[in-house]
Amino acid sequence: MRPAARNAILFLLLPGLAALATSCQDTRYQNAFIQSENLCLQVGGKVQISYEGLTCQKSFNRERKSFRVHSDNMSDYYQVVFETLPEQMGDIVNADLEWTTETDILTRKNLAFEVVRTEGGTIWLWSKSARIGLSIQILD
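Remember, it's a predicted structure, so these values are computed and weren't measured experimentally.

**Focus: the overall build of the protein**
Looking only at helices and strands, the protein features 1 helix and 9 strands. When the helices and strands of the protein are read in sequence order from the N terminus, they spell out α-β-β-β-β-β-β-β-β-β. Classification of the 140 residues of the protein by burial places 34% in the buried group. A sequence separation of at least 24 residues applies to 39% of the contacts in the protein between residues at least 6 apart.

Encoded structure:
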């Protein structure tokens, strides 16, 4: 095969291979998130905040459709406000999310989350487009 033809084929295949590699990575991130037991916020493959009972608090407001996890001194937190509350596997809900990083406070508006796991009052949600995993607990 001529080098020009080989290069043309590679040029055509690269976007598909890149998408496939990204898709596999996304699935790996989602699977790791689904297997987590703690309430947490995961962005990509990195857990941003994880609930620790001795140093964190959590709150839920059904009327406002909001959930929050924060450290005792409020230096680290994530909070989410849903348009409608998630309830069961497969539900897709839109929400606004805010969280802290090591250096900033980030906000994402109108994210679509799918319920990927439920156990007791805990719900694990995944945003495929944003590669964000979020777990909440319905506290009634």
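**Considering the pattern of salt bridges**
Throughout the structure, instances matching the rule amount to 4 salt bridges. Across the salt bridge formed by E102 and K46, the nearest N and O atoms sit 3.9 Å from each other. Residue E102 is found in the loop between β6 (92-100) and β7 (105-119), and its partner K46 is found in strand β2 (residues 46-50); the two are separated by 56 residues along the sequence. With a relative accessible area of 77%, E102 lands in the exposed category. Overlapping salt bridges, with partners in common, bring together E37, R117 and E119 in one network.

**Focus on the sheet that holds strand β8 (residues 122-127)**
Taken in spatial order, the 9 strands make up an open sheet running β2-β1-β9-β8-β7-β6-β5-β4-β3, and their pairing is antiparallel. Where the open sheet ends on each side, the last strands, each with one partner, are β2 and β3 (56-61). Taken over all neighbouring pairs, the strand axes of this sheet differ in orientation by 25° on average, direction set aside. Bridge analysis of strand β4 (residues 66-71) against strand β5 (residues 77-82) gives 5 bridges, and the strand direction is antiparallel. In the strand pairing of β5, F67 is matched with V80.

**Regarding the packing of aromatic side chains**
Evaluated as defined, the whole model comprises 2 aromatic pairs. Aromatic pair F33 and W126: ring centres 5.9 Å apart, planes at 40°, arrangement tilted. Taken together, the residues F33 in helix α1 (residues 3-35) and W126 in strand β8 connect sequence positions 93 residues apart. Residues F33 and W126 agree in their burial class; the two are buried. Plain terms: the ring middles of F67 and Y78 are 6.3 Å apart, the flat faces sit at 50° to each other, and that makes the pair tilted. Here the residue F67 occupies a position in strand β4, and Y78 occupies one in strand β5, the gap between them amounting to 11 residues. Y78 carries the same exposure label as F67, and that label is buried. Here the guanidinium or amino end of R68 rests over the ring plane of Y77, the centre of that ring lying 4.9 Å away. Between the NZ or CZ atom of R117 and the centre of the ring of W124, over which it lies, the distance is 3.8 Å.

**Considerations on the pairing of β4**
The element β4 is largely enclosed, with a buried count of 6 among its 6 residues. Every second residue of β4 is oriented toward a common face, with S66, R68 and H70 on one face and F67, V69 and S71 on the other, all of them buried. In this structure, β3 lies alongside β4, joined through 6 bridges in antiparallel fashion. When the bridges of β4 are listed, F60 appears paired with F67. Taking the residues that link successive antiparallel strands as the turn, the β3-β4 hairpin has 4 residues, and the phi of K65 there is positive, at about 60°. The antiparallel pairing of β4 with β5 creates a hairpin that spans 5 residues between the two strands, and M74 there sits at a positive phi of about 65°.

Conventions used here
Residues numbered from 1 in each chain as written. Predicted model: local features only at pLDDT ≥ 70, side-chain atom pairs only at ≥ 80, totals over all residues. Heavy atoms only, no water. Helix = DSSP H or I, 4+ residues; strand = E, 2+ residues; numbered from the N terminus. Buried < 20%, exposed > 50% of the residue type's maximum accessible area, 1.4 Å probe, protein only. Contact = heavy atoms within 4.5 Å. Salt bridge = Lys/Arg side-chain N within 4 Å of Asp/Glu carboxyl O. Pairing = 2+ DSSP bridges. Axes fitted to C-alpha atoms, helices over the stretch in contact; angles between N-to-C directions. Phe/Tyr/Trp six-rings, centres within 6.5 Å; stacked < 30°, edge-to-face > 60°. Lys NZ or Arg CZ within 6 Å of the ring centre and 35° of its normal.

Scope: geometric values only; no functional claims are made or implied.
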